[in-house]
Amino acid sequence: MKKTAAFNELIRKVRKDLFSKGPERIHTTFVDNMAVTMLHGNMTPTEKFIASDPDGKDMVHAARTKMIQKAYTTDFTEQLEQLMGTKLVHLFSDMKVEEDIAISVFVFEDNIQEP
């Protein structure tokens, strides 16, 4: 399996395990020591309902960004590092709730770009 496809499947799995729904589409690009991942169709029907209220939108945003960063400090990090062959040093994550699009930037210690 190509590294990008394996990376996307691992991302999908952790999000599905954490939120009971993985993204409908994932696109990842490797650039130097970074993996830039755009995820579409992340929210569950319940999250969509909650996000219809301004306070609920903030709650969904916080859950989908802060909880994701905590999830990557678990065993998942080891799986990710094993797949990429280098240490994960930073994760930046944000979500645009209105459009149900999330982006994560994984920064690794070494170059991960595929030849």
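See the structure printed just above.
I will try to describe carefully the structure that is included in this document. (Residues numbered from 1 in each chain as written. Predicted model: local features only at pLDDT ≥ 70, side-chain atom pairs only at ≥ 80, totals over all residues. Heavy atoms only, no water.)

For the rest of this paragraph, the subject is the nonpolar core. Counting residues in each nonpolar core, the largest one holds 24 residues, and the members touching the most others are Phe7, Ile11, Ala35, Leu80, Phe106 and Phe108. At the level of secondary structure, the elements contributing two or more residues to this core comprise α1 (3–19), β1 (25–31), β2 (34–40), α3 (54–71), α4 (75–84), β3 (88–96) and β4 (101–108). Considering every element that reaches this core, the biggest residue donor is α1, with five residues. Residue contacts for Leu80: discarding those within four places in its chain leaves Phe7, Leu10, Leu88, Phe106 and Phe108. (Core = buried A, V, L, I, M, F, W, Y, C linked by side-chain atoms within 4.5 Å. Buried < 20%, exposed > 50% of the residue type's maximum accessible area, 1.4 Å probe, protein only. Helix = DSSP H or I, 4+ residues; strand = E, 2+ residues; numbered from the N terminus. Contact = heavy atoms within 4.5 Å.)

Turning our eyes to something else, we now look at the environment of Val60. Relative to the assigned elements, Val60 resides in helix α3. You can call Val60 buried: its relative accessible area is 4%. As a C-alpha pair, Val60 and Met95 span 35 residues in sequence and 9.2 Å in three-dimensional space. When near neighbours in sequence (up to four residues on either side) are disregarded, Val60 contacts Met43, Glu47, Ile50, Ala51 and Val97.

From the geometry alone we can't say anything about function, so treat these as descriptive.
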